[in-house]
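One letter stands for each residue in the lines below.
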Amino acid sequence: MGPAGDMTIDIVAMLFEYILEDRNVPEELRDRLARLQIPILKVALIDREFFSRKAHPARRLLNLIAESASLAAADPITAQELVRIIDRLVHRITAEFDQDVGIFGRSVLALQSAMEKLRQEAAVRAKRSARVVDGRAQLERAKELARGLLDSRLRPEGVPESVRNFLLTHWQRLLITLACKDGEDSETLRAAIKTMDQLVWSTLPKSTIEERRKLTRLLPELLTQ
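About the criteria used
Residues numbered from 1 in each chain as written. Predicted model: local features only at pLDDT ≥ 70, side-chain atom pairs only at ≥ 80, totals over all residues. Heavy atoms only, no water. Helix = DSSP H or I, 4+ residues; strand = E, 2+ residues; numbered from the N terminus. Rg over C-alpha atoms; globule rule 2.2 N^0.38 Å. 1 Å grid on protein atoms, 1.4 Å probe; cavity = no way out; pocket = protein on both sides within 12 Å on 5 of 7 lines; lining within 4 Å. Points joined across faces, edges and corners; volume = space filled by probe spheres on them. Nonpolar A, V, L, I, M, F, W, Y, C, P; charged D, E, K, R; others polar. Buried < 20%, exposed > 50% of the residue type's maximum accessible area, 1.4 Å probe, protein only. Lys, Arg positive; Asp, Glu negative; His and termini not counted. Salt bridge = Lys/Arg side-chain N within 4 Å of Asp/Glu carboxyl O. Contact = heavy atoms within 4.5 Å. Phe/Tyr/Trp six-rings, centres within 6.5 Å; stacked < 30°, edge-to-face > 60°. pLDDT = per-residue confidence, 0-100. Core = buried A, V, L, I, M, F, W, Y, C linked by side-chain atoms within 4.5 Å. Patch = residues over 30% accessible without salt bridge, like charges linked within 9 Å, V, L, I, M, F, W, Y side chains within 5 Å. Areas by Shrake-Rupley, 256 points an atom, 1.4 Å probe, with all protein chains shown as cover.

## A short note on the overall build of the protein chain
Across its full length, the protein chain carries 10 helices and 0 strands. N-terminal to C-terminal, the α/β element order of the protein chain is α-α-α-α-α-α-α-α-α-α. By the compact-globule yardstick of 17 Å for 225 residues, the protein chain is too spread out, its C-alpha radius of gyration being 35 Å. In terms of overall dimensions, the protein chain has C-alpha extents of about 115 × 25 × 25 Å along its principal axes.

## Looking at the layout of surface pockets
Size it by volume and the largest pocket reaches roughly 240 Å³. Around the largest pocket sit L15, Y18, I19, D22, V25, F50, F51, R59, L62, N63, A66 and E67, which together line it. Elements with a contribution of two residues or more to the lining of the largest pocket: α1 (2–20), α4 (49–52) and α5 (57–74). Considering every element that reaches the lining of the largest pocket, the biggest residue donor is α5, with 5 residues. In terms of residue class, the lining of the largest pocket is built from 8 nonpolar, 1 polar and 3 charged.

## A closer look at the side chain of D47
Residue placement: D47 occurs in the loop between α3 (37–46) and α4. Put simply, D47 is tucked away with no salt bridge, and the nearest opposite charge, on R53, sits 5.3 Å away. Beyond its immediate chain neighbours, meaning those up to four positions away, D47 contacts H56 and V101.

## Considering the packing of aromatic side chains
Taken as a whole and judged by the stated rule, the model has 3 aromatic pairs. Aromatic side chains F166 and W171 sit 5.9 Å apart centroid to centroid with 40 degrees between the ring planes, which places their arrangement in the tilted category. F166 gets classed as partly exposed once you look at its relative accessible area, which sits at 32%.

## Notes on the confidence of the model for the protein chain
Residues at a pLDDT of 70 or more form 93% of the protein chain, whose mean pLDDT is 84. Mean pLDDT across the elements of the protein chain bottoms out in helix α10 (residues 209–223) (70) and peaks in helix α8 (residues 161–181) (89).

## Some points on the pattern of salt bridges
Scanning the model with the defined rule gives 10 salt bridges in all. One salt bridge connects E81 with R84, and the closest N-O pair in it is separated by 2.3 Å. Linking E81 with R84, this pair stays in helix α6 (residues 76–96), spanning 3 residues, or about one helical turn. Among the residues examined, E81 registers a relative accessible area of 27% and is labelled partly exposed. What makes R84 partly exposed here is its relative accessible area of 43%. Here D182 and K181 are joined by a salt bridge, their closest N and O atoms 3.3 Å apart. Take K181: its relative accessible area is 64%, and that puts it in the exposed class. One continuous salt-bridge network, built from bridges that share partners, spans R32, R35 and D87.

## Points about the nonpolar core
Counting 37 residues, the largest nonpolar core has L36, I40, L61, F104 and L111 as the members making the most contacts within it. For this core, the secondary-structure elements that each account for two or more residues are α1, α2 (27–34), α3, α5, α6 and α7 (102–153). Leaving out residues up to four positions away in the same chain, F104 has contacts with P39, I40, V43, P57, A58, L61, I93 and F97. Core analysis: the next-biggest nonpolar cluster, separate from the first, contains 18 residues, A142, A146, V163 and V200 among them.

## Things to note about the environment of T195
On the secondary structure map, T195 appears in helix α9 (residues 187–203). The spacing of T195 and E144 is 51 residues in sequence and 19 Å in space, taken between C-alpha atoms.

## Overview of a nonpolar patch on the surface
On the surface, M7, I11, M14 and F51 cluster together to form a nonpolar patch covering roughly 390 Å² of accessible area. A total of 3 residues in the nonpolar patch trace back to one element, the largest contributor, which is α1.

This is the structure:
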């Protein structure tokens, strides 16, 4: 090939040495990049624009695969799918490339489209995960709220054991559900708390005529809850 060919081989070798030593590129992607060394050397030998044109499709493909490392690092599912896609592209190039440099341009378009789709899918997963985390945090707050409400209501002596058990099981679940579904400041939750307060009060001893009259008026309403 002469001195020019020898220089081309050296430059391509240094190019790949630089890329493959970049620790920001995952090992799986470095392996795929390494398999492109011979096809890229072929391109450099038959196409003089490889070194002079930054937008050369073979150079763009190398850059795109290297840049995909940041996308792979952001999400393990994306990384796995990205390696599979790049592996398929590299296999096609190594098996089919001879003189048609256009295969690199087609590979660039295919990889760009795949990466955009993977970004969108990763964004959807991130939002879904955020909703799950928010939901768990909301559930914990609701449980803590319900425990606090019940603890303060069941302190007085004289509340029957059956009422305590009812509130600590069925009513506690109701309070948690309403706090999560409708919000901690919702009317439905306040109504459930009011009913709970009335039920607890109705079980405590009554010392005055007015209290007994109030209980008489309250019982029909409680029975409808």
